[in-house]
Amino acid sequence: MRINLTKKELTNIIYMQVGFSKMISEHLVNEFFSLITLNLKKENIVKLSNFGTFSIRSKKSRIGRNPKTKENKIISERNVVLFKPSKEFKEF
């Protein structure tokens, strides 16, 4: 069973456990994600100690197939974000 954790839930957790207001908690969560995004764009890598590393990898264009219609299409070249968990995170 997969459980998704949303920004709203993160905001509520910070609000309940840390005691910041909901507005400050929401701003904190949004700033955290925007910092990760901004640094990925600049440096192509973000390392969070004891958690893991986010990095960007280029994927070449390739031919894909729609399984329903069997139609071939070209999937364009693009960058994807990868996450590699740290040793401590894996052990947890």
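Reference entry: report on the structure contained in this document. (Residues numbered from 1 in each chain as written. Predicted model: local features only at pLDDT ≥ 70, side-chain atom pairs only at ≥ 80, totals over all residues. Heavy atoms only, no water.)

Let's talk about the packing of aromatic side chains
Moving on, step 1. One pass over the full model with this rule turns up five aromatic pairs.
Moving on, step 2. Ring centres of F54 and F83 lie 4.9 Å apart, and the angle between their planes is 45°; on these two criteria the pair is classed as tilted. Pair noted here: F54 is in strand β2 (residues 52-59) and F83 is in strand β5 (residues 78-85), with a separation of 29 residues, a long-range link.
Moving on, step 3. We classify F54 as buried; its relative accessible area is 17%.
Moving on, step 4. A ring pair is formed by F83 and F89, whose centres lie 6.4 Å apart and whose planes are at 85°; its orientation type is edge-to-face.
Moving on, step 5. Overall, F89 belongs to the partly exposed group, its relative accessible area being 35%.
Moving on, step 6. These aromatic residues form a ring-pair network of at least three members: F51, F54, F83 and F89.
Moving on, step 7. One cation-aromatic arrangement involves K22 over Y15; the distance from NZ or CZ to the ring centre is 5.1 Å. (Phe/Tyr/Trp six-rings, centres within 6.5 Å; stacked < 30°, edge-to-face > 60°. Helix = DSSP H or I, 4+ residues; strand = E, 2+ residues; numbered from the N terminus. Buried < 20%, exposed > 50% of the residue type's maximum accessible area, 1.4 Å probe, protein only. Lys NZ or Arg CZ within 6 Å of the ring centre and 35° of its normal.)

Re the environment of I45
Moving on, step 1. By the secondary structure assignment, I45 is in strand β1 (residues 45-48).
Moving on, step 2. Taking the C-alpha atoms as reference points, I45 and S76, separated by 31 residues in sequence, lie 23 Å from one another.
Moving on, step 3. Apart from residues no more than four positions distant in its own chain, I45 is found in contact with N39, L40, T53, F54 and S55. (Contact = heavy atoms within 4.5 Å.)

Remember that the coordinates give geometry; whether it matters functionally is a separate question.
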